[in-house]
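# A look at the structure
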Amino acid sequence: MAFPEPRPRGPELPQKRVKTLDCGQGAVRAVRFNVDGNYCLTCGSDKTLKLWNPLRGTLLRTYSGHGYEVLDAAGSFDNSSLCSGGGDKAVVLWDVASGQVIRKFRGHAGKVNTVQFNEEATVILSGSIDSSIRCWDCRSRRPEPVQTLDEARDGISSVKVSDHEVLAGSVDSRVRRYDLRMGQLFSDYVGSPITCTCFSRDGQCTLVSSLDSTLRLLDKDTGELLGEYTGHKNQEYKLDCCLSERDTHVVSCSEDGKVYFWDLVEGALALALPVGPGVVQSLAYHPTEPCLLTAMGGSVHCWREEAYEAEGGTG
């Protein structure tokens, strides 16, 4: 008699706090993993950017050079450089190892909400409350952007980049996708100011969060609404959302001190993770493991699945 195959284990959600980073940089405006998930960046209201090993809780380097609070940052594919944007309207390219500013790009008329490298880290894309996305050539000495995307009618809250696409969310309630291969622009109206957009890991869908306390999953090519996710609170702040490492769950910050996880297919709430008494300002999900970083106030918490055992005990 053949025994039935054991059912594959369902995805595990990060709900055990394994480390707290007291970042010492005022309010943490954003937390971001690097490309392989071994390090993270924290953006501070004290004008600094910090690089950490989040599971060990060790600070590796501090980057100083912005004139006002840092609002977003990203690492390059080879971990050699960083980019950041902030309230000083500047976009900064950093050398990771030395901590030095390589270039400072100026041209936005308002604070820079969001920055991303392209895949080769030759171009930085920055989105600003001035309603524009600007593309800066990291290798050129020219002070002006190589391209400006100015179709939005209000501030840009979120920019994401794939190998041939730019996905942008705006306060004008539209998510725009620029197909750089085809030279086409696709626009979807969601009816409420957008706070965050992202691609699914398989590249087939886009996730959009907006100030009506709703996340929407859209078919990337047709714009068809595939799912809606509610229960969290997002009515006034720019909060992050994302998909889990295997596209099984939709994840969002919330203004009620929790992080919410929904089953992507069923739309049901799977977990409301209590983080603390304030707004969960930012989150980052590990690229390959059930590991979550959350930012609240001046701290970042690192969360793992229940079965996780830290080397040398939990911190």
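Residues numbered from 1 in each chain as written. Predicted model: local features only at pLDDT ≥ 70, side-chain atom pairs only at ≥ 80, totals over all residues. Heavy atoms only, no water.

- An unreviewed UniProt entry lists the chain under the name WD repeat domain-containing protein 83, with Nyctereutes procyonoides as the source organism.
- Per UniProt, the comment on the chain under Subunit (unreviewed entry) is "Interacts with EGLN3/PHD3. Interacts with ERK signaling proteins MAP2K1/MEK1, MAP2K2/MEK2, LAMTOR3, ARAF/Raf-1, MAPK1/ERK2 and MAPK3/ERK1. Identified in the spliceosome C complex. Interacts with PARD6B and CRB3. Interacts strongly with GTP-bound RRAGA but not with inactive GDP-bound. Interacts with p62/SQSTM1."
- Here the chain is described in UniProt, under the heading Subcellular location (unreviewed entry), as follows: "Cytoplasm". (UniProt positions renumbered as here; feature names shortened; annotations may be inferred.)

## Section: the overall build of the chain
- Of the regular secondary structure elements, the chain holds 0 helices and 28 strands.
- A compact globule built from 315 residues should have a C-alpha radius of gyration of about 20 Å, and the chain, at 19 Å, falls within 12% of that.
- Along the first, second and third principal axes, the C-alpha atoms of the chain reach 70 × 45 × 40 Å.
- When contacts within the chain are restricted to residue pairs at least 6 apart in sequence, long-range pairs at least 24 apart make up 43% of them.
- For the chain, the accessible area works out to roughly 13900 Å², and carbon and sulfur atoms hold 47% of it.
- Computing the positive centroid from 34 side-chain charges and the negative centroid from 42, the chain places the two 6 Å apart. (Helix = DSSP H or I, 4+ residues; strand = E, 2+ residues; numbered from the N terminus. Rg over C-alpha atoms; globule rule 2.2 N^0.38 Å. Contact = heavy atoms within 4.5 Å. Areas by Shrake-Rupley, 256 points an atom, 1.4 Å probe, with all protein chains shown as cover. Lys, Arg positive; Asp, Glu negative; His and termini not counted. Charge placed at Lys NZ, Arg CZ, Asp CG, Glu CD.)

## Quick notes on the sheet that holds strand β10 (residues 112–117)
- Spatial ordering of the open sheet is given by β10-β11-β12-β13, a layout of 4 strands whose pairing is antiparallel. Both edges of this open sheet fall to β10 and β13 (147–149), since each of them pairs with a single strand only. In this sheet, neighbouring strand axes are inclined to one another by 20 degrees on average, regardless of whether the strands run parallel or antiparallel.
- In this structure, strand β12 (residues 133–137) lies alongside β13, joined through 3 bridges in antiparallel fashion. (Pairing = 2+ DSSP bridges. Axes fitted to C-alpha atoms, helices over the stretch in contact; angles between N-to-C directions.)

## Comments concerning the side chain of E69
- Turning to its location among the elements, E69 is positioned in the loop between β5 (58–64) and β6 (70–75).
- In contact with E69, other than residues within four places in its own chain, are R29, G44, S45, K47, G86 and G87.

## Topic: the sheet that holds strand β1 (residues 16–22)
- If you trace the 4 strands from one edge of the open sheet to the other, you get β1-β28-β27-β26, paired in antiparallel fashion. Edge positions in the sheet fall to β1 and β26 (282–285), since each has one partner strand and no second. Each adjacent strand pair in this sheet contributes to an overall mean axis angle of 20 degrees, direction not counted.
- In the sheet, β26 pairs with strand β27 (residues 291–296) via 4 bridges, with the strands oriented antiparallel. Within the sheet, the bridge partner assigned to A284 lies in β27 and is L293.

## Digging into the packing of aromatic side chains
- Counted by the stated rule, this structure contains 4 aromatic pairs.
- Between the aromatic rings of Y63 and W94, the centroid separation amounts to 5.7 Å while the plane-to-plane angle is 70 degrees, which identifies the pairing as edge-to-face. Placement of the pair is Y63 in strand β5 and W94 in strand β8 (residues 91–95), with a sequence separation of 31 residues.
- Among the residues examined, W94 registers a relative accessible area of 0% and is labelled buried.
- Among the aromatic residues, those joined into a cluster by ring pairs are Y229, Y260 and W262. (Phe/Tyr/Trp six-rings, centres within 6.5 Å; stacked < 30°, edge-to-face > 60°. Buried < 20%, exposed > 50% of the residue type's maximum accessible area, 1.4 Å probe, protein only.)

## Some thoughts on the environment of S200
- Positionally, S200 belongs in the loop between β18 (194–199) and β19 (205–210).
- For S200, the contacting residues outside a window of four places in its chain are C205, L243 and D247.
- A polar side-chain atom of S200 sits 2.6 Å from a polar atom in the side chain of D202. (Polar contact = N/O pair within 3.5 Å; in protein donor to acceptor, adjacent residues only side chain to side chain.)

## Here we look at the pattern of salt bridges
- Scanning all chains against the criterion turns up 17 salt bridges.
- Among the ionic pairs, R181 bridges to D163, the shortest N-O distance being 3.2 Å. Taken together, the positions of R181 in the loop between β16 (174–179) and β17 (184–189) and D163 in the loop between β14 (156–161) and β15 (165–170) put the pair 18 residues apart, joining distant regions of the chain.
- Overall, the relative accessible area of 59% leaves R181 in the exposed class. (Salt bridge = Lys/Arg side-chain N within 4 Å of Asp/Glu carboxyl O.)

## Brief notes about the UniProt feature "repeat: WD" (unreviewed entry) in the chain
- The residues that UniProt annotates with the feature "repeat: WD" (unreviewed entry) are residues 21–62, 63–104 and 105–146.
- Annotated as 0% helix and 55% strand, the span residues 63–104 places its first and last C-alpha atoms 13 Å apart.

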